[in-house]
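The residues making up each chain are set out below.
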Amino acid sequence: MFKTLKTVQKGFTIIELLIVIAIIAILAGIVLNSVQGAQAKARDAQRVSKIGNIQTHLEQYYNEEGAYVAPTNTELNDPSDLFPGIDAETFVDADGDLITVTNVADEAAANTAIAGANAPTNDDEFQLVLWDDTCVTNCTGYLLGTYIEAPGDGGSNVEIKSGLNND
């Protein structure tokens, strides 16, 4: 006569929901971490490509004129006369800052400048150091550096290219 009715509850317990949320959070963290690393490497590749382009045009200038040139900010904003075929954006970093151009006495001073306290940083990503310290259109050598966000295997945070004809 008496019937026992079993009630079946449908749904998830709070513990089950918390476990699922924790798993999703862990997976999201892993994905975000790998995406950020890939983005940093992409920005590094773009910076290295830009200084390679600048190096190519500096070498073309050397081949035509017999010396390197220390471009002014005006020439960097409109480089078409000095470096035909180069885009003005090549000399601008992600923050909108122009490449820093510095003149020093010799190659030893250039190495100190580009790898020392004045090395390229995330705020000032590109640096061109020429010597001798009075040169404008008759520089004898240069070092060109850029900031590296994600150096591989404990490498340096600065990628440096040097003039092919440095004296």
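From a predicted model like this one, the values you see are computed outputs, not experimental measurements.

K.L.:
I'd like a rundown of a nonpolar patch on the surface, residues and numbers included.
P.N.:
A cluster of nonpolar residues, F12, I14, I15, L17, L18, I19, I21, I23, I26, L27 and I30, forms a patch on the protein surface that exposes about 1200 Å² of accessible area. One can find L17 in helix 1 (residues 14-65). Its relative accessible area of 41% is what places L17 among the partly exposed residues.

K.L.:
Let's hear about the pattern of salt bridges: which residues, and what values?
P.N.:
Under the defined criterion, the tally for this structure stands at 4 salt bridges. One salt bridge in this structure joins E149 and R47, with 3.1 Å as the shortest N-O distance. With E149 in the loop between strand 3 (141-147) and strand 4 (158-162) and R47 in helix 1, this pair connects stretches of sequence that are 102 residues apart. Residue E149 is classed as partly exposed on the basis of its relative accessible area of 26%. Here the salt bridges do not stand alone but share partners, grouping R43, D44, R47, E125 and E149 into one network.

K.L.:
Which residues make up unusual backbone geometry, and what values go with them?
P.N.:
Cis geometry is adopted by the peptide bond preceding D132, which originates at W131 and carries an omega value of 10 degrees. Here D132 lies in the loop between strand 2 (126-131) and strand 3.

K.L.:
So, helix 3 (residues 107-115): which residues are in play, and what are the values?
P.N.:
Residue pairs three or four apart in sequence face the same way in an α-helix, which turns once every 3.6 residues. If you check which residues of helix 3 are buried, you get A110, A113 and I114. Down the axis of helix 3, the sector holding all buried residues measures 90 degrees, keeping them to one side. In helix 3, the exposed positions that point more than 90 degrees away from the buried face belong to A108, T112 and A115. Tucked inside the fold, the buried residues of helix 3 contact strand 1 (100-104), strand 2, strand 3 and strand 4. Between the side-chain oxygen at the start of helix 3 and the backbone nitrogen of A108 there is a gap of 3.3 Å, and the oxygen is on D106.

Conventions adopted
Residues numbered from 1 in each chain as written. Predicted model: local features only at pLDDT ≥ 70, side-chain atom pairs only at ≥ 80, totals over all residues. Heavy atoms only, no water. Patch = residues over 30% accessible without salt bridge, like charges linked within 9 Å, V, L, I, M, F, W, Y side chains within 5 Å. Areas by Shrake-Rupley, 256 points an atom, 1.4 Å probe, with all protein chains shown as cover. Salt bridge = Lys/Arg side-chain N within 4 Å of Asp/Glu carboxyl O. Helix = DSSP H or I, 4+ residues; strand = E, 2+ residues; numbered from the N terminus. Buried < 20%, exposed > 50% of the residue type's maximum accessible area, 1.4 Å probe, protein only. Arc of directions from axis to C-beta. Contact = heavy atoms within 4.5 Å. Polar contact = N/O pair within 3.5 Å; in protein donor to acceptor, adjacent residues only side chain to side chain.

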